[in-house]
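Residue-level structural notes
So the chains spell out like this:
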Amino acid sequence: MNAFEHPDFDDHALVVEHTEPDCGLRMMIALHRMRDATPSLGGTRMLNYETTESAMRDVLRLSRGMSYKSAMTGLPYGGAKAVVMGVPPTQLRSQVFEAVGRAVEMLGGRFRTGVDVGVSPDDVSNMAHATTFVVGTGPLPPAELTAQGVMVAIRAGARYRLNRSALAGVRVGIQGLGKVGLRLAQLLIAEGAEVWGSDPDAESRSSAAAAGVRISPLKDLHALDLDIFSPCALGGTLSTTTIADLRARVIAGSANNQLQAPEIGERLQQRDVLYVPDFIANAGGLIAAAAQLESRDAAWADRKLDELAATLDQVFQLANAEEISTSAAAERIARTRLDDLDPAR
Ligand code: NAI
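So, a few notes on the structure that sits alongside this text. Residue positions are given per chain, counted from 1 along the sequence in the order it is written. Under the rules for a predicted model, residues below a pLDDT of 70 receive no local features and side-chain atom pairs below 80 are neither given nor counted, while totals for whole chains, interfaces and linings still include all residues. To get the side-chain values, all heavy atoms of the structure are used, and hydrogens and water are removed first.

The next thing to look at is the overall build of the protein chain. Where helices and strands are cited, they refer to DSSP runs of H or I of at least four residues and of E of at least two residues respectively, numbered from the N terminus. Per the secondary structure count, the protein chain includes 12 helices and 12 strands. Throughout, radius of gyration means the C-alpha value; the globule benchmark is 2.2 Å times the number of residues raised to the power 0.38. The globule rule puts the C-alpha radius of gyration for 345 residues at 20 Å, and the 19 Å found for the protein chain is close to it. Taken along its principal axes, the extent of the C-alpha atoms in the protein chain is 55 × 50 × 40 Å. In this scheme, a residue with accessible area under 20% of its type's maximum is buried, one over 50% is exposed, and one in between is partly exposed, where area comes from a 1.4 Å probe on protein chains only. Residues counted as buried form 55% of the 345 residues belonging to the protein chain. Total accessible area on the protein chain stands at roughly 14600 Å², and carbon and sulfur atoms take up 49% of it. The method behind every accessible area is Shrake-Rupley, applied with a 1.4 Å probe, and residues are considered shielded solely by the protein chains displayed.

Here it is in structure tokens:
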């Protein structure tokens, strides 16, 4: 299937497939919105995709999500994403990421990228041998800012739905204890929250346990007696099946595309569960990249993170007034802001 025929195609400005057979690289890059003077931003993800279609779906949806994120954060960047199909053997890894760097370089600065799931800072350093167009390597670490942004989202959700102005004693379940999940757990525990977590990776589980996280089996976490459920692993974990067991009244996490299908947003609304839209809750990574590109300092990033709370209030109020899901409300606001930025589309 080509991009034009894909159900997630949203008039993306550019979709490229790139291969370098010598090292086995196969990848796709999508630029959802491209504006002359500003680059399009988004991380590079590496996964063992089962099909080419699932990689295409990821790159199209994730790049659109980045445009929404940018619009909701009041930043001028178009959304973009790269996906690397398949995890290479260790001995080829640095070669593969240099090749990814060459692909990024070919776009001449229209695309700036950094880490995402499956890609480490070392991989980005290897990309940087072939391109200068990498981000997230500045003084503000993206995972740290992402975790701080999720804290803003959790506070907003707790205030709005649980009527709690402090997080002491609030029970939070974090699905995925990687870079963001672990840091989020530390921030929550520092505020007195009780934190449970799950992760298939033994090392991540033991670092989290050392930080005070109570470890739960993967399949049980979402069904625990929680106030807040925080998906910080991969997308699509909120499905008809999982939300049927959910006891938390707020969902706020860093994973992209948490809803397995758009209608899950309506199901959550019917069940009176407040879903904090992912592309607002996880905007901290984009703020870190923007800070690097624009040479901004930590105080600017803090202000941008704080602004997310006002944006979330706007979303919650629109959802309430129009009796629509928070995901639909957020998408409506994001599309209006994008239309204002790109009136010709
Ligand atoms: P990461 O790769 O460091 O951590 C993800 C963790 O999830 C890993 O420890 C992995 O073992 C675990 N995991 C995988 N499947 C799981 C499952 N079924 N249940 C529980 N845990 C599972 O990734 P990172 O950077 O922490 O990102 C987490 C999420 O946040 C991703 O979806 C990413 O796209 C998103 N995000 C990350 C940003 C960043 O700056 N790192 C920025 C914006 C979004």
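Once you've had a look at it, read on.
All right, on to the pattern of salt bridges then. What makes a salt bridge here is a side-chain nitrogen of Lys or Arg within 4 Å of a carboxyl oxygen of Asp or Glu, nothing more. The tally for this structure, following the rule as stated, stands at 19 salt bridges. Between Arg296 and Glu294 there is a salt bridge; the shortest N-O distance is 2.8 Å. A relative accessible area of 39% places Arg296 in the partly exposed class. Members of the salt-bridge network, linked through shared partners, are Arg45, Asp58, Lys81 and Asp116.

Of note, His6 is situated in the segment before strand E1 (14-20). What makes His6 buried here is its relative accessible area of 4%. We call two residues contacting when some pair of their heavy atoms lies within 4.5 Å. Excluding its chain neighbours within four sequence positions, the residues that come into contact with His6 are Met1, Glu53, Met56, Arg57 and Leu60.

This next bit is on the site of the ligand. If a single non-hydrogen atom of a residue is within 4 Å of a molecule or strand, that residue counts as near it. Looking at the ligand, there are 23 residues lining it, with Asp116, Val180, Asp199, Ala233 and Ser254 nearest. Note that a nitrogen atom of the ligand is positioned 3.5 Å from one of the backbone N or O atoms of Gly176. Between Asn256 and the ligand, the recorded distance is 3.0 Å, taken from a side-chain N or O atom to an oxygen atom. Expressed as a share of its isolated accessible area of 830 Å², the protein-covered part of the ligand is 83%. Residue assignment for the shell around the ligand shows that the elements contributing at least two residues are helix H4 (142-162) and helix H5 (179-190). Ranked by residues supplied to the shell around the ligand, first place goes to H4 with three residues. In this classification, Asp, Glu, Lys and Arg are treated as charged, Ala, Val, Leu, Ile, Met, Phe, Trp, Tyr, Cys and Pro as nonpolar, and every other residue, Gly included, as polar. Its residues assigned to classes, the shell around the ligand shows nine nonpolar, nine polar and five charged. Any N or O atom pair separated by 3.5 Å or less is treated as a polar contact, with the protein-specific requirement of one donor-capable and one acceptor-capable atom, and with residues adjacent in sequence counted only for side-chain atom pairs.

Whether two strands pair comes down to DSSP finding at least two bridges between them. What the six strands build is an open sheet, ordered E9-E8-E7-E10-E11-E12; its pairing is parallel. Single-partner strands in this sheet number two, and they are strand E9 (214-215) and strand E12 (274-275). Note that strand E11 (residues 250-251) and E12 share two bridges and pair parallel. The residue bridging Ile251 from the neighbouring strand is Tyr275, located in E12.

What follows is about the packing of aromatic side chains. The geometry of an aromatic ring pair is captured by the separation of the ring centres together with the interplanar angle, meaning the angle of the planes. Each Phe, Tyr or Trp ring (for Trp, its six-membered ring) is paired with any other whose centre lies within 6.5 Å, and the angle between the two planes then decides the class: stacked below 30 degrees, edge-to-face above 60, tilted in between. Within the structure shown, the criterion is met by three aromatic pairs. With a centroid separation of 5.4 Å and 80° between ring planes, the pair formed by Phe4 and Phe9 is classed as edge-to-face. Arg214 extends its terminal NZ or CZ atom over the ring of Trp196, reaching a point 4.7 Å from the ring centre. Two conditions define a charge located above a ring, namely a distance within 6 Å from the ring centre to NZ of Lys or CZ of Arg, and an angle within 35 degrees of the ring normal.

A word on the pairing of strand E8 (residues 194-198). Burial analysis of E8 places four of its five residues in the buried class, the great majority of the element. Here five bridges tie strand E7 (residues 171-175) to E8, and the two strands are oriented parallel to one another. The residue bridging Arg171 from the neighbouring strand is Glu194, located in E8. Looking down the strands as they point away from you, a crossover is right-handed if its path from the first strand over the helix to the second goes clockwise. Between the parallel pair E7 and E8, the chain is carried across by H5, and the sense of this crossover is right-handed.

Turning next to helix H10 (residues 284-293). The buried fraction of H10 amounts to eight of the 10 residues, a majority that puts the element mostly inside the structure. Those residues of H10 that sit buried are Gly284, Gly285, Leu286, Ile287, Ala288, Ala289, Ala290 and Ala291. Elements in contact with the buried residues of H10: strand E3 (40-41), helix H1 (52-72), H4 and helix H11 (298-322). Looking one or two residues beyond H10, the residue adopting positive phi is Ser295, at roughly 50°.

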